[in-house]
Amino acid sequence: MQKKIMRKQLFILVGMIMLSSLTLKAQVEDTSFVILPDSSNFITASMIISSPGNAIYAQVGHVALRMECPRYHLDFCFSFEEEHGTIGVLKCFFGKTYARIIAMPTDQFIERFKIKGRQTMQYTLNLNLREKQELWRRLDNDLVDETVRHFNLLQNNCLLVACQSVKAAMEKEKIIINDWPEQFKMNNGEIIKYYTRSAPWLQFLCNTFIGTEGDVLRGYEERMGPELLPQVLRAALIVDEQGNKRPLLTEEKELSPLIKKFKASPASPMWVFGALLIITIIISFAQLKWKLKWLPKALDVLFMVFVTLMGMIFIYTSFVSGLFGKHWNWYLIPCNPLPLIIWLIWRKRKWFYKVYLFYTVVLLLFIIATPLTQQLDLPHQLITASLAVRCCCHYVQGRIQNQSMKQEE
């Protein structure tokens, strides 16, 4: 508790120093540092962008803000971060990941990426002294107040928080970008696929939960990612009240080199679920041809549990709380608790095998509908095709058994 109070006091003191910008005489003062006549170099504000890492939450990179006061040897990175680890990732996809502003000395912050071989770039912002003071004050307030927010991949992430903090600090000036990268013509689903093109399992998870948000064309900031941010920063201008313009950036430099480039797993979703479809076809053929029993039953149990469980997850993440907000999820059509309910109630009826035909048709139509929305993609439809094969197999088997019973009668 005492350490927590001391940390708060430290950052309150930092904020006071930045707001006053007075030439305080202290032991930490670096008198060799020459302040320009307009004091514009008293504080430096920069964007820090890191390259993608191997952890699933790091596979699109990271963005933070660096605030420096060389005169008093103050140098901190402010970063909006969510819970990490397996639990953090699971909570993230359930819309329950909490995130907040943290601060640490820049050398420690950079070291986190350096030891993992990740590149870190610095982009120095061309803000005036008052704007840099206001930015530091706002970041300090977020830190001291321990503001906690829900992480949202499109509307509340590290990049958006950093950009919004900078914009909020600019009272009488504004940032304009006349030349947006070509990728910003993409909608949510397309640009997420672009950012995750080198991380197939992350792309698979995003496509699983994005729902109808994938077909929405949101604002430029919400479609911005760490990969395209440098292009945007280079094209950005600051416009003052008189209409005068100046570049947003004054300098960019590398703080740590790229040593270890992120490598995706060779076992991509397409190959894994393609293999699942082949196995399902082989087992279904063996069931019809040689009356194989235990293996098809085990596969059916697996599919039924999967369909029911995922359906319940989709209902929760889509209509209660989700990574992309509330929306309709198209995968609720093949994955929902209804098949289990129907099977429990009517499975002993003679006509029940016809239900499998109906469901087979529904699944095939769902596969055909793939081009209609950004959410549907090949890996997911391979799973859907596997479900369709099992339903078709049950229909054929049920029809054969029904015809045999009629002949016996």
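In what follows, the structure referred to is the one given above.
Residues numbered from 1 in each chain as written. Predicted model: local features only at pLDDT ≥ 70, side-chain atom pairs only at ≥ 80, totals over all residues. Heavy atoms only, no water.

Some points on the environment of Asp377
Move 1: Note that Asp377 resides in the loop between helix 12 (353-368) and helix 13 (378-408).
Move 2: Separated by 107 residues in the primary sequence, Asp377 and Met270 place their C-alpha atoms 9.7 Å from one another.
Move 3: Excluding anything up to four places from it in sequence, Asp377 contacts Asn207, Tyr331 and Thr370.
Move 4: Side chain to side chain, Asp377 and His380 meet in a polar contact 2.5 Å long. (Helix = DSSP H or I, 4+ residues; strand = E, 2+ residues; numbered from the N terminus. Contact = heavy atoms within 4.5 Å. Polar contact = N/O pair within 3.5 Å; in protein donor to acceptor, adjacent residues only side chain to side chain.)

A word on unusual backbone geometry
Backbone geometry follows two general trends: most residues other than glycine have a negative phi, and most peptide bonds adopt the trans configuration.
Move 1: Unusually for a residue other than glycine, His73 sits at a positive phi of about 55°.
Move 2: With respect to the element layout, His73 can be found in the loop between strand 2 (62-69) and strand 3 (74-82).

Here's the deal with the packing of aromatic side chains
Move 1: In total, this model carries 18 aromatic pairs according to the counting rule given.
Move 2: When the centroid spacing of 6.2 Å and the interplanar angle of 80° are considered together, the rings of Phe42 and Tyr72 count as edge-to-face. Separated by 30 residues along the polypeptide, Phe42 in the loop between helix 1 (2-20) and strand 1 (44-50) and Tyr72 in the loop between strand 2 and strand 3 bring together distant segments of the chain.
Move 3: Taking relative accessible area as the criterion, Tyr72 reaches 5% and is therefore assigned buried.
Move 4: With 6.0 Å between their ring centres and 70° between their planes, Phe209 and Phe314 make a pair best called edge-to-face. In this pair, Phe209 sits in helix 7 (residues 200-209) while Phe314 sits in helix 10 (residues 294-319), placing the two residues 105 residues apart along the sequence. Of the two residues examined, Phe209 and Phe314, each falls in the buried class.
Move 5: Among the aromatic residues, ring-to-ring pairing joins Phe209, Phe314, Tyr331 and Phe366 into one connected group. (Phe/Tyr/Trp six-rings, centres within 6.5 Å; stacked < 30°, edge-to-face > 60°. Buried < 20%, exposed > 50% of the residue type's maximum accessible area, 1.4 Å probe, protein only.)

Looking at the nonpolar core
Move 1: In this structure, Met47 and Leu135 are the most contacted members of the largest nonpolar core, which totals 67 residues.
Move 2: In terms of residue count, helix 5 (residues 158-169) provides more of this core than any other element does, seven residues in total.
Move 3: Dropping the residues within four chain positions of it, Leu135 is found in contact with Ala45, Leu65, Met67, Leu127, Ser165, Val166 and Ala169.
Move 4: If you look at the next biggest cluster of nonpolar residues, it comprises 13 residues, including Phe303, Tyr353, Cys391 and Tyr395. (Core = buried A, V, L, I, M, F, W, Y, C linked by side-chain atoms within 4.5 Å.)

Digging into the sheet that holds strand 7 (residues 174-177)
Move 1: Read from one edge to the other, the open sheet built from three strands follows the order 7-8-9, with strand pairing classed as antiparallel. Both outer strands of the open sheet, strand 7 and strand 9 (245-247), are each paired with one neighbouring strand and no more. With strand direction ignored, the average angle separating the axes of adjacent strands in the sheet is 35°.
Move 2: Pairing between strand 7 and strand 8 (residues 236-239): four bridges, direction antiparallel. (Pairing = 2+ DSSP bridges. Axes fitted to C-alpha atoms, helices over the stretch in contact; angles between N-to-C directions.)

Details of the side chain of Thr196
Move 1: Summarising the element assignment, Thr196 is placed in the loop between helix 6 (188-195) and helix 7.
Move 2: Separated by 2.7 Å, the side chain of Thr196 and the backbone oxygen of Ile192 make a polar contact.
Move 3: Dropping the residues within four chain positions of it, Thr196 is found in contact with Val60, Leu202 and Gln203.

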